[in-house]
Amino acid sequence: MRKRIVAGNWKMHKKLEEGLSLARDIRVRLEGRCSEGKEVILFPPFIHLAGIARLLEGPTGFHCGAQNCHHKTEGAYTGEISASMIASAGASHVIVGHSERRKYFGEDDALLAAKIDRALEEGLTPVFCCGETLEERESGRQFEIVGRQIRKALFHLPEEKIRKLHIAYEPVWAIGTGKSASPEAASEMHAFIRSEVAAQYGRESAEAISILYGGSVKPGNAAGLFAMPDIDGGLIGGASLQAADFEAIFNAL
Ligand code: PGA
């Protein structure tokens, strides 16, 4: 069954104590309101993971994850973090393919496919990000681009594995710009993504996957987005850094 999810991508924000205190505040505000089918996932920087995983232990529906992982199991890769290390810190999820990783670190479809494999091997739930740039949308290529991103990174997986991940549609032009996609435009893309998964794996698998929207989600626009039938929640950047805003977005779920 599809879960409803509000996830916070903190990116490169919050020093250690600030991060722990934000996670504590979010737990206090939302404890008792999450469940198996309605989850909160926090994606802090790596150094927070073990502490936040401990802090979120106990109540149902709270999870944390990393913003990235390396595509190899282990080895001489100075400065990198493996999926098994993330799991050993108590985290359960990992973002793969965020547009900032694609843009600033040159991550391509083949590399992301390998990261998805590593994450699943370690029992982590990947949140796979896809989305088109403004130029791609203006030239009418958004479905072609997003279709390619999901096919190349995900469609090598067997059916039982595709059901273990979430997808986040994050149009690049909406990330951090204050300019969110309209509920209709986002929903149209979510329906497209689900239909692509259904064409490859069948309707039942497509219906098992949560598809989140990301890109300038705020307390003021979350309800409109989350009301759309194929939008199962949000991946929140800027507005996840304030507990009150994050709570207000959760309230819209
Ligand atoms: P934003 O970021 O909410 O600040 O636009 C979303 C994301 O990059 O995941």
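A few points on the structure. Residue numbering note: each chain is counted from 1, following its sequence as written. Local features are withheld for residues below a pLDDT of 70 in this predicted model, meaning they are given only at 70 or higher, and side-chain atom pairs are given and counted only at 80 or more; totals for whole chains, interfaces and linings count all residues. No hydrogens and no water enter the side-chain calculation; it runs on all heavy atoms of the structure.

To continue, consider the site of the ligand. Nearness is judged by heavy atoms alone; a residue qualifies as near a molecule or strand once a single heavy atom is within 4 Å of it. For the ligand, the set of nearby residues contains 13 residues, the closest of which are K11, H98, E170, G176 and S216. At a separation of 3.4 Å, an oxygen atom of the ligand approaches a polar side-chain atom of N9. In protein, a polar contact requires one atom able to donate a hydrogen and another able to accept it; more generally it is a pair of N or O atoms within 3.5 Å, and residues adjacent in sequence count only if both atoms are side-chain atoms. At 2.7 Å from an oxygen atom of the ligand is found a side-chain nitrogen or oxygen belonging to E170. Protein contacts shield 97% of the accessible area of the ligand, which totals 280 Å² for the unbound molecule. In the scheme used here, Gly and all other residues not listed as nonpolar or charged are polar, with Ala, Val, Leu, Ile, Met, Phe, Trp, Tyr, Cys and Pro taken as nonpolar and Asp, Glu, Lys and Arg as charged. Taken together, the residues of the shell around the ligand break down into four nonpolar, seven polar and two charged. Note that accessible areas follow from Shrake-Rupley with a 1.4 Å probe, and for residues the cover is restricted to the protein chains shown.

Only DSSP runs of H or I reaching four residues or more are called helices, and only runs of E reaching two or more are called strands; each is numbered from the N terminus. Turning to its location among the elements, R4 is positioned in strand β1 (residues 4-9). Only protein chains enter the accessibility calculation, which uses a 1.4 Å probe; a residue whose area is less than 20% of its type maximum is buried, one above 50% is exposed, and one in between is partly exposed. Here R4 falls in the partly exposed class, since its relative accessible area comes to 26%. Sequence separation of R4 and G237 is 233 residues, and the distance between their C-alpha atoms is 17 Å. Sequence-distant contacts of R4, that is, excluding residues within four places in its chain, are made with G37, K38, E39, F226, I231, D232 and L253. Here, two residues are considered to be in contact whenever any of their heavy atoms come within 4.5 Å of each other.

What follows concerns the sheet that holds strand β7 (residues 211-214). Sheets are built from strands paired through backbone hydrogen bonds, the pairs being either parallel or antiparallel. Pairing between two strands is assigned when DSSP locates at least 2 bridges connecting them. Spatially, eight strands are ordered β1-β2-β3-β4-β5-β6-β7-β8 in a closed barrel, and the strand pairing comes out parallel. Sheet twist, expressed as the average angle between the axes of neighbouring strands with direction ignored, equals 25°. Strand direction decides the pairing type here: β1 and strand β2 (residues 38-43), joined by six bridges, are parallel. Bridge pairing in β2 places G8 opposite L42. Each of β5 (125-130) and β6 (166-169) is contacted by helix α7 (residues 142-154), which is oriented at about 150° to β5, the strand it contacts most. Sheet contacts for helix α12 (residues 243-251): β1, β2 and β8 (233-236); angle to β1, the most-contacted strand, approximately 160°. Fitting a line to C-alpha atoms yields each axis, with helices limited to the stretch in contact; the angle taken between N-to-C directions then spans 0 to 180 degrees.

Here the focus is unusual backbone geometry. Leaving glycine out, the prevailing phi sign among residues is negative, and the prevailing peptide bond configuration is trans. For K11, which is not glycine, the phi torsion reads 50° and is therefore positive. For K11, the location among the structural elements is in the loop between β1 and α1 (16-30). Despite not being glycine, K14 has its phi angle at roughly 80°, a positive value. Relative to the helices and strands, K14 is located in the loop between β1 and α1. Overall, the relative accessible area of 28% leaves K14 in the partly exposed class.

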